[in-house]
Amino acid sequence: MIGWFPNLYPDELLSSACARYADTFRYPARMSAISDLFGDRCSRVAYDVPGQLNRLVSQLPSNSGITLEELLYRHTLFPFYVSTRSPEKARHIIAALGDSPATVLYRAVGMITYRQHCPQYLRFCDECVKEDVSLYGEPYWHRLHQIPGVLLCTKHECHLMESKVGAQGASLVSAKTRTTTMNTGRTSRSANGHLLGFANDARRIVEEGVLIQLSGLRFQYRTKLESTEFIWNDRLSTDKLGQAITGFYTSNLLHQLSFSAYSNDMRKLVNRVLGGPNYHPLEHLVMMRFLHMPLA
Ligand SMILES: [Zn+2]
């Protein structure tokens, strides 16, 4: 039994609290902390959605009252990843995540296919860091700042900074070790508007549980594309639509949103989003914003 676990701060990633736990007890090796928290079969703690959570939940102090489901919905990127899936599918994944590594989730929601959208380094907002240190005495990793496509802090409307902590390899690295390496760069005024829009949509998905219901969405896509004549005589002009999306967002913004894998050719994105199955919320948010379809 671990006996003690830090209270989670508002919007704190579970992996961030685990890192603070390891700092508090000054584990000589992070693997020992991982083993105590998640069991011997666990080798790393994913920054976004840790797996093998049953052992940790069973060890939390009895007065915490936190369930596996609450941890996933309030302190991980789980609600973002499953926002395009049915509640029944989400429940199945939750049950599996109790004893299985995070790869169960990645496979179930298709995240392995979309790895390019995941942040390379953990991100932070300078203003949030100042506030957190003032309020809680220490900084911590916010989950809103790590969501794919979120490059602005919705609270302070400023650009997020990249730390030196690699997201994919990160395992129990607390925010105290953050160091600024590069700014994400300034974007044009209109691009900032899009970035703030994506950040606010993502915040509503994780905090308010807004779902992206694909069956209704695909019907709306078709209606919009017909009314804007991207679909004409029942045929979709993929070239024209791809070019229009690039013109709408600019290549620079699409690069920032990690769509550079499309090499300025958005036809692949068009085929994936409209042809399905495509479960990545960010790809749908990009198409929805282009077609002026607000999140429900
Ligand atoms: Zn902030």
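Residues numbered from 1 in each chain as written. Predicted model: local features only at pLDDT ≥ 70, side-chain atom pairs only at ≥ 80, totals over all residues.

### Considerations on the overall build of the protein
This is how the line gets drawn: Only DSSP runs of H or I reaching four residues or more are called helices, and only runs of E reaching two or more are called strands; each is numbered from the N terminus. It is over C-alpha atoms that the radius of gyration is taken, and the globule rule equals 2.2 Å times the number of residues to the power 0.38. Exposure in this text rests on C-beta crowding, where 20 or more other C-beta atoms within 10 Å of a residue's own make it buried, 12 or fewer make it exposed, and counts in between make it partly exposed. The C-beta atoms are placed from the backbone.
Looking only at helices and strands, the protein has 14 helices and five strands in total. Here the protein has a C-alpha radius of gyration of 20 Å; the compact-globule value for 296 residues is 19 Å, and the two agree. Along the three orthogonal principal directions, the C-alpha set of the protein runs to about 65 × 40 × 30 Å. Here the protein holds 296 residues, and 41% of them are scored as buried.

### Describing the nonpolar core
Stated formally: A set of buried Ala, Val, Leu, Ile, Met, Phe, Trp, Tyr and Cys residues, joined to one another through C-beta atoms within 7 Å, is what we call a nonpolar core. Note on contacts: residues are paired as contacts if their backbone-placed C-beta atoms lie within 7 Å.
Counting 77 residues, the largest nonpolar core has Cys18, Val49, Tyr81, Leu105, Val150, Leu172 and Ala202 as its most contacted members. Excluding its chain neighbours within four sequence positions, the residues that come into contact with Leu172 are Cys18, Ala19, Ala22, Arg30, Ala33, Ile34 and Val45.

### Observations concerning unusual backbone geometry
The backbone of Glu157 shows a phi angle near 55°, a positive value even though the residue is not glycine. Looking at the element boundaries, Glu157 is found in the loop between α8 (126-136) and β2 (161-166). Positive phi values are uncommon outside glycine, yet Asp234 reaches one of about 70°. With respect to the helices and strands, Asp234 occurs in the loop between β4 (231-232) and β5 (235-236).

### What about the packing of helix α11 (residues 238-249) against helix α13 (residues 267-275)?
Our working rule: Angles shown run from 0 to 180 degrees and are taken between the N-to-C directions of axes, each axis being a line fitted to C-alpha atoms and, for helices, limited to the stretch in contact. Any angle from 65 to 115 degrees is called roughly perpendicular, while one under 35 is roughly parallel, one over 145 is roughly antiparallel, and all others are oblique. Basically, the charged four are Asp, Glu, Lys and Arg, the nonpolar ten are Ala, Val, Leu, Ile, Met, Phe, Trp, Tyr, Cys and Pro, and anything else, Gly included, counts as polar.
The geometry of α11 relative to α13 is characterised by a closest axis approach of 8 Å and an angle of 105° between their N-to-C directions. By the angle between their directions, the pair α11 and α13 is classed as roughly perpendicular. Contacts between α11 and α13 involve Thr238, Asp239, Leu241 and Gly242 on the former and, on the latter, Arg267, Val270 and Asn271. In terms of residue class, the contact of α11 with α13 is made up of two nonpolar, three polar and two charged.

### A word on the packing of helix α1 (residues 14-24) against helix α2 (residues 30-38)
What counts here: Here a crossing is taken to be left-handed if its near helix is turned anticlockwise relative to the far helix by less than a right angle, and right-handed if that turn runs clockwise.
Contact geometry of α1 with α2 gives a least axis separation of 10 Å together with a crossing angle of 115°. Considering the relative orientation of α1 and α2, their crossing is right-handed. Touching Cys18, Tyr21 and Ala22 of α1 are Arg30, Ala33 and Leu37, all from α2. A class-by-class count of the residues in the contact of α1 with α2 yields five nonpolar, no polar and one charged.

### Points about helix α6 (residues 87-97)
What counts is decided by this rule: The directions from the helix axis to the C-beta atoms are what the arc is built from.
Along α6, the residues that are buried comprise Ala90, Ile93 and Leu97. Buried residues of α6, seen end-on, are gathered within an arc of 60° and therefore sit on one face of the element. Of the exposed residues in α6, those oriented more than 90 degrees away from the buried face are Glu88 and Arg91. Where α6 is buried, its residues contact α4 (68-75) and α7 (103-109).

### Things to note about the domain arrangement of the protein
By convention, interface size is frequently given as the accessible area that disappears when the constituent parts associate. To keep things clear, this is the line we draw: Reported domain spans reflect what an automatic or database domain assignment gives.
Domain boundaries in the protein define domain 1 (14-115), domain 2 (121-193) and domain 3 (212-290). Listed by partner, the interface residues are five residues for domain 2 and eight residues for domain 3. A breakdown of the residues in the side of domain 2 that touches domain 3 according to their chemical character gives three nonpolar, two polar and no charged.

### As for the environment of Ser251
Inspection of the secondary structure assignment puts Ser251 in helix α12 (residues 251-256). Residue classification places Ser251 among the partly exposed residues on the basis of 15 C-beta atoms within 10 Å. In this structure, the C-alpha to C-alpha distance between Ser251 and Asp265, residues 14 residues apart in sequence, is 9.7 Å.

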